[in-house]
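Overview (structure and organization)
Take a look at the letters that make up each chain.
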Amino acid sequence: MFRLKMMKKVLVFLLLFLLYFQGLSQDLKVLVSIPPQKEWVESIGGSWVKVQVLIPQGMDPHTYEVTPRKLQEVKGAKVYFYLGSGLEFEVVWLNKIKKINPQLEMVNCSKGVELLEGDPHVWLSLKNAEKSLLVIKETLKWHLPSFSEKIEENYKIYRKKLKELDQSITEWTKPYRGKAFMCYHPSLGYFARDYGFKQIAVEEGHKEPGPKTLMRKIEEAKREKVKVIFLSPFENRKKAERIAKEIKAEIRIIDPLSEAYLLNMETIAKEVIRALQ
């Protein structure tokens with residue numbers, strides 16, 4: 001009888017231990033809207049988070065429609081870090097995603113960010129990204145309390161890299177403050193604000209300009225001696241080429257949705273500087 005009781009106690013202890021270990025080993029399933037956010041969340045959450053990106057790299061975040069396969073990923077997620085800056089995709093899909101998974105925690109990554117009217121490209125600012133990192137850190141610590149110290153450590157390491165890059169870009173761009181660059185789509189408004197540039201955008205919002213507006217922008221680009229038009233991989237090159245021919249500029253591709261966020265922000269900064277030299 002005594003041995004039987006002891007065996008039961010041992011079995012109960014083993015069962016509780018296994019359940020505890022299983023709980024620790026399970027990844028926190030997280031959704032993000034765009035690839036750059038994936039680096040943010042993984043850099044802070046480490047191996048304890050599993051991140052699913054709703055808008056794949058190379059797709060236009062203004063027009064992308066979620067596939068049925070992506071919607072299946074929504075069902076098992078615990079947290080959705082959405083941008084919260086008015087991105088068309090989120091305007092259309094946030095409520096639908098919440099209906100698919102009513103238990104999903106919706107976290108706004110733009111909390112504390114000063115938004116530019118009509119510009120959803122909030123992530124293309126290292127200063128904005130720093131505020132988003134804080135939101136992500138606090139959310140992950142709440143969901144993963146057993147790893148709170150490591151999450152805090154990861155956050156400090158990544159934030160340090162981000163701030164060092166921001167300081168470097170601030171120094172690199174000092175000689176070019178007040179100068180103008182041209183983008184086909186107005187994706188670098190926050191970047192321009194951070195470092196004292198002027199962005200001339202061909203499109204207004206996500207719409208083509210009328211003939212009079214287009215001519216005004218072309219004349220402005222000529223006055224500012226614009227030598228480069230920046231284009232993203234999913235935009236219409238032929239239309240940009242016609243404008244480039246008119247102002248005698250070249251076209252260069254920058255990818256606002258690269259998953260390698262810090263590396264890409266450095267690349268964008270260097271491309272802008274090169275265009276202004």
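In short, a report on the structure. Please read all numbers here as calculations on a predicted model, not as lab measurements.

This part takes up the pairing of strand β7 (residues 228-231). Burial along β7 is two-sided: Val 228 and Phe 230 facing one way and Ile 229 and Leu 231 facing the other are all buried. Inspection of the sheet shows strand β5 (residues 180-183) paired to β7 by two bridges, in the parallel sense. The residue of β7 that forms the bridge with Cys 183 is Phe 230. Of the pairings in the sheet, the one linking β7 to strand β8 (residues 250-253) comprises four bridges and is parallel in character. Each bridged residue has a counterpart across the sheet, and for Ile 229 the counterpart in β8 is Ile 251. Tracing the backbone out of β7, into helix α9 (residues 237-247) and back to the parallel element β8 gives a crossover that is right-handed.

A few words now on the sheet that holds β5. Across the sheet, four strands lie side by side as β6-β5-β7-β8; this open sheet has parallel pairing. The strands lining the two open edges of the sheet, one partner per strand, are β6 (198-201) and β8. With direction set aside, neighbouring strand axes in the sheet form an average angle of 35°. Each of β5 and β6 touches helix α8 (residues 211-223); the most contacted strand, β6, lies at about 140° to it. Sheet contacts for α9: β5, β7 and β8; angle to β7, the most-contacted strand, approximately 170°.

Attention now moves to unusual backbone geometry. The phi torsion at Lys 225 lies on the positive side, around 55°, for a residue other than glycine. Positive phi is not limited to glycine here, since Lys 248 has a value of about 60°. Among the secondary structure elements, Lys 248 is positioned in the loop between α9 and β8.

What follows deals with the packing of α8 against α9. Axis separation between α8 and α9 bottoms out at 10 Å; the angle between their running directions is 45°. Relative to α9, α8 is oriented oblique. Remark: the crossing between α8 and α9 carries right-handed chirality. In contact with Leu 214, Ile 218, Ala 221 and Lys 222 of α8, α9 contributes Ile 243, Glu 246 and Ile 247.

Strand order in the open sheet formed by four strands is β2-β1-β3-β4, with parallel pairing between adjacent strands. Only two strands of the sheet have a single neighbouring strand rather than two, namely β2 (49-53) and β4 (105-108). For this sheet, the mean angle separating the axes of adjacent strands, direction not counted, is 25°. The pairing of strand β1 (residues 28-32) with strand β3 (residues 79-82) spans three bridges and is classified as parallel. When the bridges of β3 are listed, Val 32 appears paired with Phe 81. Against the sheet, helix α2 (residues 35-45) engages β1, β2 and β3, with an angle of about 175° to β2.

Turning to the nonpolar core, a few remarks are in order. Ranked by internal contacts, the top residues of the largest apolar core, which has 71 residues, are Phe 81, Phe 191 and Tyr 261. Top contributing element to this core by residue count: helix α10 (residues 261-276), with nine residues. Apart from the residues within four sequence positions on either side, Tyr 261 is in contact with Pro 36, Glu 39, Trp 40, Trp 123, Ser 125, Leu 126, Ala 129, Tyr 158 and Leu 162. Counting residues in hydrophobic clusters, the runner-up holds 16 residues, among them Tyr 184, Ile 200, Val 202 and Leu 231.

A few words on the environment of Val 113. Relative to the elements of secondary structure, Val 113 occurs in the loop between β4 and α5 (126-143). You can call Val 113 buried: its relative accessible area is 12%. Along the sequence, Val 113 and Ala 129 sit 16 residues apart, while their C-alpha atoms lie 8.9 Å from each other. In this structure, Val 113 is in contact with Val 122, Asn 128 and Lys 131, ignoring residues within four places of it in sequence.

Okay, empty space enclosed by the protein next. Tallying each qualifying case throughout the model produces two cavities of 30 Å³ or more. Space inside the largest cavity adds up to approximately 90 Å³. Lining the largest cavity we find 15 residues, and of these His 185, Ser 187, Ser 232, Glu 235 and Pro 256 sit closest to its centre. Tallied by class, residues from the lining of the largest cavity come to nine nonpolar, five polar and one charged. Of the voids in this model, the second largest cavity is the one considered here, and its volume is about 30 Å³. Forming the boundary of the second largest cavity are Trp 40, Leu 83, Cys 109, Ser 110, Val 122, Trp 123, Asn 128, Ala 129 and Ser 132. With three residues, the top contributor of residues to the lining of the second largest cavity is α5. Of the residues contributing to the lining of the second largest cavity, the split by class is six nonpolar, three polar and no charged.

The rules behind each value
Residues numbered from 1 in each chain as written. Predicted model: local features only at pLDDT ≥ 70, side-chain atom pairs only at ≥ 80, totals over all residues. Heavy atoms only, no water. Buried < 20%, exposed > 50% of the residue type's maximum accessible area, 1.4 Å probe, protein only. Helix = DSSP H or I, 4+ residues; strand = E, 2+ residues; numbered from the N terminus. Pairing = 2+ DSSP bridges. Right-handed = clockwise from strand over helix to strand, strands pointing away. Axes fitted to C-alpha atoms, helices over the stretch in contact; angles between N-to-C directions. Contact = heavy atoms within 4.5 Å. Parallel < 35°, antiparallel > 145°, perpendicular 65-115°, else oblique. Left-handed = near helix turned anticlockwise from the far one by under 90°. Core = buried A, V, L, I, M, F, W, Y, C linked by side-chain atoms within 4.5 Å. 1 Å grid on protein atoms, 1.4 Å probe; cavity = no way out; pocket = protein on both sides within 12 Å on 5 of 7 lines; lining within 4 Å. Points joined across faces, edges and corners; volume = space filled by probe spheres on them. Nonpolar A, V, L, I, M, F, W, Y, C, P; charged D, E, K, R; others polar.

Read these as geometric descriptors, not functional statements.
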